[in-house]
Amino acid sequence: MMDGLNRLSGSCNHFIGRLEPIVGWLQPFVERLERLIDRLHTFVGQLDMLSVFN
């Protein structure tokens with residue numbers, strides 16, 4: 001039982017180790033996307049403000 005858990009843990013660590021470079025590579029894109037969403041949110045908020053005054 002313990003041996004199976006150790007093997008599973010080892011393969012999980014191996015999988016996570018292989019994902020880390022991919023996540024690192026995606027990080028800048030995710031940050032850009034977050035900034036874009038922030039800008040869109042601000043823009044929509046400004047549009048809402050304008051529509052209130054019309």
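Note: the structure precedes this text.
Bear in mind the structure is a predicted one, so any value in this text is a computation, not a measurement.

J.: Explain the overall build of the protein here, please?
T.: A tally of helices and strands in the protein yields one helix and zero strands. Taking 2.2 N^0.38 as the reference for a compact globule, 54 residues should give roughly 10 Å; the C-alpha atoms of the protein span a radius of gyration of 22 Å, well beyond that estimate. Dimensions of the protein along its principal axes, counting C-alpha atoms only, are 70 × 25 × 5 Å. Counting the 54 residues in the protein, one finds 0% classified as buried. Put simply, the protein shows about 5300 Å² of open surface, and 67% of that area lies on carbon and sulfur atoms.

J.: Quick question: what am I supposed to make of the pattern of salt bridges here?
T.: Summed over all chains, the structure comprises one salt bridge. The partner of R7 in a salt bridge is D3, and the shortest N-O contact between them spans 3.6 Å. Remark: D3 and R7 occur in helix α1 (residues 2–53); sequence separation between them is four residues, near one turn of the helix. Residue R7 is classed as exposed on the basis of its relative accessible area, which comes to 59%.

J.: I tried to follow the environment of M49 on my own but got confused; where do I start?
T.: Mapping M49 onto the fold places it in helix α1. Of the residues examined, M49 reaches a relative accessible area of 52% and is grouped as exposed. Along the primary structure M49 and Q27 are separated by 22 residues, whereas in three dimensions their C-alpha atoms are 33 Å apart.

J.: Teacher, can you tell me more about a nonpolar patch on the surface here?
T.: Taken together, the side chains of F15, I16, L19, I22, V23, W25, L26, F29 and V30 present a nonpolar region at the surface, about 870 Å² in accessible area. Summarising the element assignment, V30 is placed in helix α1.

J.: Would you take a moment to explain the packing of aromatic side chains for this structure?
T.: On inspection of all chains with the given rule, the structure shows one aromatic pair. A centroid spacing of 5.4 Å and a plane angle of 55° characterise the contact between W25 and F29, whose relative ring orientation is tilted. Of this pair, W25 and F29 both sit in helix α1, four residues apart, which is roughly one turn of that helix. Take W25: its relative accessible area is 58%, and that puts it in the exposed class. According to the relative accessible area criterion, F29 is partly exposed, its value standing at 42%.

What counts, and at which threshold
Residue numbers here run from 1 along each chain, matching the order of that chain's written sequence. Totals for whole chains, interfaces and linings use every residue, but because this is a predicted model, local features are given only for residues with pLDDT of at least 70 and side-chain atom pairs only at 80 or more, for both listing and counting. Side-chain calculation: all heavy atoms of the structure are included, whereas hydrogens and water are not. Counting from the N terminus, the helices are the DSSP runs of H or I reaching at least four residues and the strands are the DSSP runs of E reaching at least two. Restricting the calculation to C-alpha atoms gives the radius of gyration, and the globule rule supplies 2.2 Å times the number of residues raised to the power 0.38. Each residue is placed in one exposure class: buried if its accessible area under a 1.4 Å probe, protein chains only, is under 20% of its type's maximum, exposed if it is over 50%, and partly exposed if it falls in between. For accessible areas, the Shrake-Rupley method is used with a probe of radius 1.4 Å. Any residue's cover is judged against the shown protein chains and nothing else. Here, a salt bridge means any side-chain nitrogen of Lys or Arg that lies within 4 Å of a carboxyl oxygen of Asp or Glu. A patch consists of residues whose relative accessible area exceeds 30% and which take part in no salt bridge; residues with like charges are grouped when within 9 Å of each other, and nonpolar side chains (Val, Leu, Ile, Met, Phe, Trp, Tyr) when within 5 Å. When the centres of two rings from Phe, Tyr and Trp lie within 6.5 Å, Trp using its six-membered ring, the rings pair. Their planes under 30 degrees apart give stacked, over 60 give edge-to-face, and anything left gives tilted.

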